[in-house]
Amino acid sequence: YLKKLWAQDKGALALCLVTALICVGEDPVIGLAAGMVMALLAGAKTQLSAPFVDIKSKPSGDKKAYHIAIQGAVTYVNAETFLERARKLENASEISVDLSGVRQMDHDGITFLGKVADGWVRSEPDCRVWIKGVHSKIYPSLSKFSWFEKAEGQG
């Protein structure tokens, strides 16, 4: 198993060895708890840096039409990253946000999506924002937010 980890994932090998050393040197329960915490933090870091927002643009008259596709979860872990990537869309006439690849959104993710959408409309008052592909499992959560109700009412 350790040979396989060496060849495939040196970070997982390091985690395994550190956990084993703590288990042997200190206490098995403390070692396993430390290993779980380190694995959780490493997973959060991986999720944070994973490319989950694709932004494409095409000309639309003298402005641009943007298509934003989000893949994966939008949660407190990566909501700030979404905000940074999607906040400023220059000279937008239309923005389409595709949520068909999203299966989980927590309160922070929905709040940040609303902040970004409001920012787009404030910076380009004539810009139309479309939220598309909302999965039936996240719709009930989205529908509790006023920005989504307003957008839904506008079509």
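What counts as what
Residues numbered from 1 in each chain as written. Predicted model: local features only at pLDDT ≥ 70, side-chain atom pairs only at ≥ 80, totals over all residues. Heavy atoms only, no water. Pairing = 2+ DSSP bridges. Helix = DSSP H or I, 4+ residues; strand = E, 2+ residues; numbered from the N terminus. Axes fitted to C-alpha atoms, helices over the stretch in contact; angles between N-to-C directions. Contact = heavy atoms within 4.5 Å. Phe/Tyr/Trp six-rings, centres within 6.5 Å; stacked < 30°, edge-to-face > 60°. Buried < 20%, exposed > 50% of the residue type's maximum accessible area, 1.4 Å probe, protein only. Salt bridge = Lys/Arg side-chain N within 4 Å of Asp/Glu carboxyl O. Right-handed = clockwise from strand over helix to strand, strands pointing away. Core = buried A, V, L, I, M, F, W, Y, C linked by side-chain atoms within 4.5 Å. Lys, Arg positive; Asp, Glu negative; His and termini not counted. Polar contact = N/O pair within 3.5 Å; in protein donor to acceptor, adjacent residues only side chain to side chain.

Novice: Quick rundown of the sheet that holds strand E2 (residues 63–71)? Include the residues and the values.
Specialist: Ordered in space as E1-E2-E3-E4, the four strands form an open sheet in which the pairing is mixed. Strands with a single pairing partner mark the edges of an open sheet, and in this sheet they are strand E1 (53–60) and strand E4 (128–132). Between one strand axis and the next, the sheet turns through 15 degrees on average, direction left out of account. Looking at chain direction, strand E3 (residues 92–101) and E4 are connected through five bridges and run parallel. Each bridged residue has a counterpart across the sheet, and for aspartate 98 the counterpart in E4 is lysine 132. Across the sheet, helix H5 (residues 107–123) is in contact with E2, E3 and E4; its angle to E3 comes to roughly 165 degrees.

Novice: Account for the pairing of E1, with residues named and values stated.
Specialist: Summarising the sheet, E1 and E2 pair through eight bridges and their orientation is antiparallel. Within E2, the position partnered with proline 59 by the bridge is lysine 64. Where E1 folds back on E2, the antiparallel hairpin that results is connected by two residues, among which glycine 61 adopts a positive phi of roughly 70 degrees.

Novice: Tell me about the packing of aromatic side chains, residues and numbers included.
Specialist: Taken as a whole and judged by the stated rule, the model has two aromatic pairs. Ring plane angle 85 degrees and centroid distance 5.8 Å describe the contact between tryptophan 147 and phenylalanine 148, whose orientation is recorded as edge-to-face. Residue tryptophan 147 shares its accessibility class with phenylalanine 148, and that shared class is buried. Of the aromatic side chains, those joined through ring pairs into one cluster are Tyr139, Trp147 and Phe148.

Novice: Quick rundown of the pattern of salt bridges? Include the residues and the values.
Specialist: Tallied over the full model, the rule gives one salt bridge. Lysine 63 is the partner of glutamate 124 in a salt bridge, and the nearest nitrogen-oxygen pair spans 3.0 Å. Here the residue glutamate 124 occupies a position in the loop between H5 and E4, and lysine 63 occupies one in strand E2, the gap between them amounting to 61 residues.

Novice: Tell me about the side chain of glutamate 124, and name the residues and values.
Specialist: Glutamate 124 gets classed as buried once you look at its relative accessible area, which sits at 16%. Those residues in contact with glutamate 124 that sit more than four places away from it in its chain are Lys63, Asn91 and Ala92.

Novice: Tell me about the environment of serine 146, and name the residues and values.
Specialist: With respect to the helices, strands and loops of the structure, serine 146 is situated in helix H7 (residues 146–153). C-alpha separation for the pair serine 146 and glycine 114, spaced 32 residues apart in sequence, amounts to 8.9 Å.

Novice: Go over the pairing of E2, please, and point to the residues and values.
Specialist: The sheet contact formed by E2 and E3 spans seven bridges and is parallel. Bridged to glutamine 71 within E3 is glycine 101. Each parallel crossover has a hand, and the one from E2 via helix H4 (residues 79–86) to E3 is right-handed.

Novice: Any chance you could break down the nonpolar core for me, citing the residues and the numbers?
Specialist: Core analysis: the biggest nonpolar cluster contains 29 residues, and Ile70, Ile95, Met105 and Trp120 have the highest contact counts within it. Secondary-structure elements contributing two or more residues to this core are E2, H4, E3, H5 and H7. With six residues, the single largest contributor to this core is H5. The contacts of methionine 105, once residues within four sequence positions are left out, are Val74, Leu99, Ile110, Leu113, Ile138 and Leu142.

Novice: For the side chain of aspartate 98, give the residues involved together with the corresponding values.
Specialist: Tracing the backbone shows aspartate 98 in strand E3. There is no salt bridge for the buried aspartate 98, and the closest opposite charge comes from arginine 103, which lies 8.2 Å off by N-O distance. Among the polar contacts made by the side chain of aspartate 98, one reaches the side chain of serine 100 at a distance of 2.8 Å. Not counting residues within four places of it along the chain, the set of residues in contact with aspartate 98 comprises His67, Ile68, Ala69, Ile70, Lys132 and Gly133.

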